[in-house]
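Understanding the architecture of this molecule
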Amino acid sequence: MRRKFVAGNWKMNTLSRSAVELASALAKAVPARLPAVDVAVCPPFPYLSAVGAAITGSGVVLGAQNVWHEKPGAFTGEVAVEMLLDVGCRWVILGHSERRQVLKETDELISRKVLASLANGLPVILCVGETLDQRKAGQTESVLDGQMQGSLAGVDVQGIGQVVVAYEPVWAIGTGMTASTEQAESAHLHLRRWLEIRYNPGVAAATRILYGGSVKAQNAQSLLEQPDVDGALVGGASLKVDDFLPIIRAAETARKS
Ligand code: 13P
């Protein structure tokens, strides 16, 4: 049975005070590891340490939103895997569509980041997802295949055990246009079949696949009840405890059909 996983991607939001307030309130509401759900928050780099301190000893763990794949050295403005581990990160989000589109990250660069993270023992949340044009053109599955193939190049069976996949249709991110439960389940099932072919049935059965894209308290339950939806990667609704907590609760109660 795959444990559910709810992660908050704070993106480029909060300041030091609001970050710590949010983290502290969440830690208070989730004081210990939940029986069936893992919870993580991924604040901006400058607040990782402060948020890490605020959630210490709670059921919430720390993640980062990006990393650079080289060893520490002359890479002005970048952050190394070792640094993320040093400040207590247990996850790093890679391949987010905002980085693919705005920062022009390629699958090749993402795969380097994935490999560097895994080599150093930092588990990865790997995001994949199609644009609206690609969906309309019937290319959803081929786009997902290409992103999986490229971003996981060189990742072996052992490495994939430290990867969580997040299906985030670009058209659903920050738009309020959530994928229907059928659309989400169909994409997740496709991704699971891809894992089975590329790796093996055991990997396909064990790998967690999260859904991301306008997840809210109102739609979380039905999405999380889909057999192949193992959790949620939440943007906007992770910035308020009153919005984020119901999503965690929905993951706790979601039944597997
Ligand atoms: P929203 O929940 O704001 O749509 O963002 C989703 C997302 O991009 C999480 O990584």
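The preceding data block contains the structure.
Report on the accompanying structure. (Residues numbered from 1 in each chain as written. Predicted model: local features only at pLDDT ≥ 70, side-chain atom pairs only at ≥ 80, totals over all residues. Heavy atoms only, no water.)

**Quick look at the pairing of strand β1 (residues 4–9)**
To be explicit about the condition: Under the scheme applied here, a residue whose accessible area is under 20% of the maximum for its type counts as buried, over 50% as exposed, and between as partly exposed, the area being computed with a 1.4 Å probe on protein chains only. In DSSP terms, a helix is any run of H or I states spanning at least four residues, a strand is any run of E spanning at least two, and both are numbered starting from the N terminus. Note on handedness: a crossover is taken as right-handed if, strands pointing away from the viewer, the path from the first strand over the helix to the second is clockwise.
Within β1, six of the six residues are buried, which leaves the element mostly enclosed by the surrounding structure. Side-chain alternation along β1 places K4, V6 and G8 on one buried face and F5, A7 and N9 on a second face that is also buried. Regarding topology, helix α1 (residues 16–29) serves as the crossover connection from β1 to the parallel strand β2 (residues 37–42), and that connection is right-handed.

**Points about the environment of D38**
Note the following rule: The contact criterion used is simple: two residues touch if any of their non-hydrogen atoms lie within 4.5 Å.
Relative to the elements of secondary structure, D38 occurs in strand β2. It is 15 Å that separates the C-alpha atoms of D38 and V92, two residues lying 54 residues apart in sequence. Not counting chain neighbours up to four residues away, the residues in contact with D38 comprise R3, K4, F5, V6, R33 and R208.

**As for the packing of aromatic side chains**
To keep it simple, the criterion reads: For Phe, Tyr and Trp, where Trp contributes only its six-membered ring, two rings pair if their centres lie within 6.5 Å, and the inter-plane angle classes them as stacked under 30 degrees, edge-to-face over 60, or tilted in between.
In this structure the tally under the stated criterion is four aromatic pairs. Judged by centre distance (4.8 Å) and plane angle (40°), the rings of F5 and W91 are tilted. With a gap of 86 residues between them, F5 in strand β1 and W91 in strand β4 (residues 89–94) connect regions that are remote in the sequence. Considered together, F5 and W91 belong to a single accessibility category, that of buried residues. Here the aromatic rings of W68 and F75 are separated by 6.4 Å at their centres, their planes lie at 50°, and the arrangement is tilted.

**So, the site of the ligand**
Basically, it comes down to this: Each residue is tested against the molecule or strand, and it is near if at least one of its non-hydrogen atoms lies within 4 Å. Any pair of nitrogen or oxygen atoms within 3.5 Å is treated as a polar contact; in protein, a donor-acceptor pairing is required on top of that, and neighbouring residues in sequence qualify only through side-chain atoms on both sides. Here the open area of atoms and residues is found with the Shrake-Rupley method and a 1.4 Å probe, where only the protein chains shown may cover a residue. Under this grouping Gly is polar, as are all residues other than the nonpolar Ala, Val, Leu, Ile, Met, Phe, Trp, Tyr, Cys and Pro and the charged Asp, Glu, Lys and Arg.
The full set of residues close to the ligand is N9, K11, H96, E168, A172, I173, G174, G213, S214, L233, G235 and G236. Take K11: an N or O atom from its side chain is 2.8 Å from an oxygen atom of the ligand. Look at the ligand: alone it shows 310 Å² of surface, and the protein chains cover 96% of it. Tallied by class, residues from the shell around the ligand come to three nonpolar, seven polar and two charged.

**A look at the sheet that holds β1**
This is how the line gets drawn: What makes two strands pair is DSSP finding at least two bridges between them. Axes here mean lines fitted to C-alpha atoms, for a helix over just the part in contact, with angles spanning 0 to 180 degrees between N-to-C directions.
On the basis of which strands lie adjacent, the closed barrel formed by eight strands has the order β1-β2-β3-β4-β5-β6-β7-β8 and parallel pairing. Adjacent strand axes in the sheet meet at a mean angle of 30°, parallel and antiparallel pairs treated alike. Two strands pair when backbone bridges link them, and strand β5 (residues 124–128) and strand β6 (residues 163–167) are joined in this way by five bridges, in the parallel orientation. Counterpart to L126 in the pairing with β6 is V165.

**Some points on the nonpolar core**
This is how the line gets drawn: Each nonpolar core is a collection of buried residues, namely Ala, Val, Leu, Ile, Met, Phe, Trp, Tyr and Cys, held together in the definition by side-chain atoms within 4.5 Å.
The biggest cluster of nonpolar side chains holds 72 residues, and the ones touching the most others in it are V51, L84, V114, M148, L152, Y211 and I248. Counting residues per element, this core draws most heavily on helix α12 (residues 241–253), which supplies seven residues. If we ignore the near neighbours within four places in the chain, the residues touching Y211 are Y167, P169, A172, T178, A179, A184, H188, L223, V229, G231, A232 and L233.

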